Amino acid sequence: VLVGTFLSVSKILPSPDMLLHYPQATGTKLYSADGVCLAHIRQELREPVTLDRISKELQLATIAIEDERFYRHPGIDLRSIARALWADIRHARIVQGGSTITQQLARNIYLTQRRTVSRKLQEAMLAVQIERKLSKQEILELYLNQICYGHATYGVQAAAKWYFNKSAWQLNLAQC
């Protein structure tokens, strides 16, 4: 049963190579005939930045909140999954998530937000593949540029500008 499930789920997985070429929505810019940008039309605010342009405090705060064992697991964290499952069983509904940063990245880029067993298996398998392909620093950079921070802001740079009128490398610990 496990082998059959694995094979059926793995057939519909996208290639983790797509992660390196994932097109991020940046909107449409309208220019005048002389090349001056007149308007920037977009549904979401997004401004990707490299990890070295994101404050270390923000990187560490994200890891502490989202995935404290980020540097110690291969993409999935069985202890976190077990903890979340136990909490969900005790409350008779979903109250906690057990997804790692890598699983969240896989879900946000490749998969839907639907909560199904099949999607969760795909997410876990993709996370392991991503961890084999990319370094932890590359994964963290992609995650910090991908995640939604509310008000249609995606990524830490857009969020830092929206909430604090600062760049991601200028945030203090309280803002992080």
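Before any of the text, the structure's been laid out above.
Since we're looking at a predicted model, the values are computed, not measured.

Caption draft 1: Expanded view of helix α2 (residues 56-66). Every buried residue of α2 is accounted for by L58, Q59, A61, T62 and I63. Turning to α2, the residues buried within the fold contact α4 (101-110), α6 (136-146) and α7 (156-164).

Caption draft 2: Structural context of the nonpolar core. Within the largest apolar cluster, 23 residues are counted, with the highest numbers of intra-cluster contacts made by I54, I101, I139, L140, L144 and V156. Only α2, α4, α5 (117-133), α6 and α7 provide two or more residues apiece to this core. Of the residues forming this core, the biggest block, 5 residues, is contributed by α4. Setting aside residues up to four positions removed in sequence, I139 forms contacts with F70, I101, T102, L105, I130, E131 and L134.

Caption draft 3: Spatial organisation of the packing of aromatic side chains. Enumeration over the complete set of coordinates arrives at 1 aromatic pair. The interplanar angle of 70° and the centroid separation of 4.9 Å between the aromatic rings of F70 and Y71 together place this pair among those described as edge-to-face. Given a relative accessible area of 44%, Y71 falls into the partly exposed group. The ring of W169 carries the charged tip of R53 above its face, separated from the ring centre by 3.6 Å. Over the face of the ring belonging to F70 we find K136, whose NZ or CZ atom lies 4.6 Å from the ring centre.

About the thresholds
- Residue positions within a chain follow its written sequence, with the count starting from 1.
- With the structure being a predicted model, the display of local features is reserved for residues of pLDDT at least 70 and the display and counting of side-chain atom pairs for 80 or more, all residues being used for whole-chain, interface and lining totals.
- The side-chain values count all of the structure's non-hydrogen atoms but skip hydrogen atoms and water molecules.
- Burial classification: accessible surface area is computed with a 1.4 Å probe over protein chains only, and a residue below 20% of its type maximum counts as buried, one above 50% as exposed, and the rest as partly exposed.
- In this description a helix means any DSSP run of H or I spanning at least four residues, a strand means any run of E spanning at least two, and both kinds are numbered starting from the N terminus.
- A contact between two residues is defined here by any heavy atoms of the two lying within 4.5 Å.
- Throughout this description, the term nonpolar core refers to a set of buried Ala, Val, Leu, Ile, Met, Phe, Trp, Tyr and Cys residues connected via side-chain atoms within 4.5 Å.
- The criterion for an aromatic pair is that two Phe, Tyr or Trp rings (for Trp, the six-membered ring) have centres within 6.5 Å, with stacked assigned to planes under 30 degrees apart, edge-to-face to planes over 60 apart and tilted to the rest.
- For a lysine, the NZ atom is tested; for an arginine, the CZ atom; a charge sits over a ring if that atom is within 6 Å of the ring centre and within 35 degrees of the ring normal.

Functional significance is not addressed by these values, which are geometric in nature.
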